[in-house]
Amino acid sequence: RRFAASGWLRLWFLLTRNIPVASLYGFQYGDTFYDYQRGLDPGWKPYAVGIVLLNHTIMHAIRSELREYDFLRGDAAYKWDFTHTFRHTKEIIVGQHTYRAHLYLAQRDMRRSTKRVAKQLLPGPLVACASKIKDHLALR
């Protein structure tokens, strides 16, 4: 809501016969567009509608004379079609040297490891379904 009220929010749709087949959600702050998340109709995936929409948003950023188009976190393969630079995200945790703090960090690391292994072992559609359920529950 704050991003929309501030004029930063950007929501793009690619329509075919007035039906959305791809979407891209991001925000523009200063002279940078931050590409946050996108989605597409699975039936249209063979037609690369996500890349078509991405190209459109990049062209819009160029016409708007933005200085940067930031893909944010992740190393998805399509990003390498548009750039050869990569920024690393660093995490710094500051806390007390207590049993509770160590337990929290161990639990967090275990959750991350379990998630990584599950993504490698489970079929893609099952991982996607679990992710959607998790996101849905987080919004409640």
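These numbers were taken from a predicted model, which means no experiment stands behind them.

Q: So what's going on with a nonpolar patch on the surface? Residues and values would help.
A: Among the surface-exposed residues, Phe3, Leu9, Leu11, Phe13, Leu15, Tyr25, Tyr36 and Leu72 lie close enough to one another that they form a single nonpolar patch of about 740 Å² accessible area. Relative to the assigned elements, Phe13 resides in strand 1 (residues 9–16).

Q: Describe the side chain of Thr57, with residues and values.
A: Along the chain, the position of Thr57 falls in helix 2 (residues 49–63). Given the relative accessible area of 2%, Thr57 is considered buried.

Q: Could you give an account of the environment of Thr89, naming the residues involved and the relevant values?
A: Tracing the backbone shows Thr89 in the loop between strand 4 (68–70) and helix 3 (99–121). Sequence separation between Thr89 and Leu72 is 17 residues; the distance between their C-alpha atoms is 9.5 Å.

Q: For the pattern of salt bridges, give the residues involved together with the corresponding values.
A: As a working rule, side chains carrying opposite charge can pair if their charged atoms are close by. Scanning the model with the defined rule gives 5 salt bridges in all. With its nearest N and O atoms 3.3 Å apart, the salt bridge here joins Glu91 to Arg112. In this pair, Glu91 sits in the loop between strand 4 and helix 3 while Arg112 sits in helix 3, placing the two residues 21 residues apart along the sequence. Relative accessible area serves as the criterion here: at 42%, Arg112 is assigned to the partly exposed category. Among the ionic pairs, Arg108 bridges to Asp109, the shortest N-O distance being 3.1 Å. A relative accessible area of 37% places Asp109 in the partly exposed class.

Q: Which residues make up the packing of aromatic side chains, and what values do they have?
A: All chains considered together, the criterion is met by 8 aromatic pairs. On the numbers, 5.1 Å between centres and 75° between planes, the contact of Phe3 with Trp8 is edge-to-face. Chaining the aromatic ring pairs together yields one cluster made of Phe3, Trp8, Phe27, Tyr29 and Tyr34.

Q: Can you explain the sheet that holds strand 3 (residues 32–40)? Please cite residues and give values.
A: The strand order across the open sheet formed by 4 strands is 1-2-3-4, and the pairing between neighbours is mixed. Pairing within the sheet leaves two strands with one partner each, and these edge strands are strand 1 and strand 4. This sheet shows a mean twist of 25° between the axes of neighbouring strands, independent of strand direction. Sheet topology note: the strand 3/strand 4 ladder contains 3 bridges and is parallel. Directly across from Thr32, in strand 4, lies its bridge partner Glu68.

Q: Lay out the confidence of the model for the protein chain with the relevant residues and their values.
A: For the protein chain, the mean per-residue pLDDT works out to 86, and 96% of the residues sit at or above 70. Between the elements of the protein chain, mean pLDDT differs from a low of 75, seen in helix 4 (residues 124–139), to a high of 93, seen in strand 2 (residues 19–29).

About the cut-offs
Residue indices begin from 1 for each chain and proceed along its sequence in written order. In view of the model being predicted, local features appear only for residues whose pLDDT reaches at least 70, and side-chain atom pairs are presented and counted only at 80 or more, with totals across whole chains, interfaces and linings using the full set of residues. Note that water and hydrogens are dropped before the side-chain values are worked out from all heavy atoms of the structure. Patch membership is restricted to residues that have no salt bridge and whose relative accessible area is over 30%. Joining uses 9 Å for like charges and 5 Å for the nonpolar side chains Val, Leu, Ile, Met, Phe, Trp and Tyr. The protein chains shown are the only cover counted for residues, whose accessible areas, like all others here, come from Shrake-Rupley with a 1.4 Å probe. Here, a salt bridge means any side-chain nitrogen of Lys or Arg that lies within 4 Å of a carboxyl oxygen of Asp or Glu. Helix numbering and strand numbering both begin at the N terminus, where a helix is a DSSP run of H or I of at least 4 residues and a strand a DSSP run of E of at least 2. Here's how the labels work: a residue is buried when its accessible area is under 20% of the maximum for its type, exposed when over 50%, partly exposed in between, all with a 1.4 Å probe on protein chains only. By convention, a stacked pair of Phe, Tyr or Trp rings (six-membered ring in the case of Trp) has centres within 6.5 Å and planes under 30 degrees apart, an edge-to-face pair has planes over 60 apart, and any other such pair is tilted. A pair of strands is labelled paired if DSSP reports no fewer than 2 bridges between them. In this analysis an axis means a line fitted to C-alpha atoms, helices contributing only their contacting stretch, and an angle means the value between N-to-C directions, from 0 to 180 degrees. Every residue gets a pLDDT, meaning the predictor's confidence in that residue, from 0 to 100.

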